[in-house]
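One-letter residues, chain by chain:
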Amino acid sequence: QVQLVESGGGLVQPGGSLRLSCAASGSIFSINTMGWYRQAPGKQRELAASITIGGSTTYADAVKGRFTISRDNAKNTVYLQMNSLKPEDTAVYYCNLYNFNSRSDYWGQGTQVTVSS
C-alpha cells in the first residue's frame, strides 16, 4: 500500500507560477515511476509529466518548456514546477506512482490548479 499526499495547488493569474509537491509513503520499492496527470472538467485524464527513478523525464507537448518535473528519492517526493501558466492548464492535478515491483498504480487525491484573470 502506497499513500500519496499532494500540496501546492491554488488560484494563479495567467503567466504566473505554482509548484506542486507529492510525498509518497508506505510500501515503496526502488524501481518506480512518478508523474503528474491532470484532468479538466469534461475531459480525459492526461499525463502532464513523469519521471523515472533514474531521472528520465517525459512531458506532454502542451507543457514542454513551461513545466519541470523533479524528484527527491531520499524523501520519496516528486515536484512539478509550473511556469508561464495558461488558462488551459486549469485542471485537477493528480500525483501518480507506478511500482514495478508490485506492478501497481497508486494515485493521490488530486489538487486543484486554476489559472484565471
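Shown above is the structure to which this text applies.
Here the structure is a predicted model, which is why all the values come from computation and not from measurement. (Residues numbered from 1 in each chain as written. Predicted model: local features only at pLDDT ≥ 70, side-chain atom pairs only at ≥ 80, totals over all residues. Heavy atoms only, no water.)

*Asks:* How should I be thinking about the state of the cysteines in this particular structure?
*Replies:* Simply put, the disulfide is a covalent bond whose two ends are the sulfur atoms of two cysteines. All told, the structure shown has one disulfide when counted by the stated rule. With its sulfur 2.1 Å from that of its partner, C22 forms a disulfide with C95. With the S-S bond torsion at -85 degrees, the cross-link from C22 to C95 turns out left-handed. Of the two residues, C22 is situated in strand 3 (residues 18-26) and C95 in strand 9 (residues 91-99); the sequence distance between them amounts to 73 residues. (Disulfide = S-S within 2.5 Å. Helix = DSSP H or I, 4+ residues; strand = E, 2+ residues; numbered from the N terminus.)

*Asks:* Where do I start with the side chain of D89 in this structure?
*Replies:* Checked against the element boundaries, D89 lands in the loop between strand 8 (77-82) and strand 9. On the basis of relative accessibility, which here comes to 1%, the residue D89 falls in the buried class. At 2.8 Å, the side chain of D89 and the backbone nitrogen of K86 are in polar contact. Residues in contact with D89, not counting those within four places in the same chain, are R38, R66, F67, S84, V113 and V115. (Buried < 20%, exposed > 50% of the residue type's maximum accessible area, 1.4 Å probe, protein only. Polar contact = N/O pair within 3.5 Å; in protein donor to acceptor, adjacent residues only side chain to side chain. Contact = heavy atoms within 4.5 Å.)

*Asks:* Just to check I follow, could you spell out the packing of aromatic side chains for this structure?
*Replies:* Given two aromatic rings, one states the distance between the centres and the angle between the planes to describe the pair. Across all of its chains, the model carries two aromatic pairs by this definition. When the centroid spacing of 5.0 Å and the interplanar angle of 65 degrees are considered together, the rings of Y37 and W107 count as edge-to-face. Residue Y37 is found in strand 4 (residues 32-39), and its partner W107 is found in strand 10 (residues 104-107); the two are separated by 70 residues along the sequence. Residue classification places Y37 among the partly exposed positions, given a relative accessible area of 24%. Take W107: its relative accessible area is 37%, and that puts it in the partly exposed class. Centre to centre, the rings of Y98 and F100 are 4.8 Å apart; their planes meet at 85 degrees, and the pair counts as edge-to-face. The class for Y98 is partly exposed, based on a relative accessible area of 26%. For F100, a relative accessible area of 43% corresponds to the partly exposed category. (Phe/Tyr/Trp six-rings, centres within 6.5 Å; stacked < 30°, edge-to-face > 60°.)

*Asks:* Could you clarify how one ought to interpret the pattern of salt bridges in this entry?
*Replies:* What the rule picks out here adds up to four salt bridges. When the shortest N-O distance is used, the salt bridge between R38 and D89 registers 2.9 Å. Linking R38 in strand 4 with D89 in the loop between strand 8 and strand 9, this pair joins segments that are 51 residues apart in sequence. Judged by its relative accessible area of 6%, R38 is buried. Notably, a salt bridge pairs D89 with R66, separated by 2.7 Å at the nearest N-O pair. Separated by 23 residues along the polypeptide, D89 in the loop between strand 8 and strand 9 and R66 in the loop between strand 6 (57-59) and strand 7 (67-72) bring together distant segments of the chain. As far as the burial class goes, D89 and R66 line up, both buried. (Salt bridge = Lys/Arg side-chain N within 4 Å of Asp/Glu carboxyl O.)

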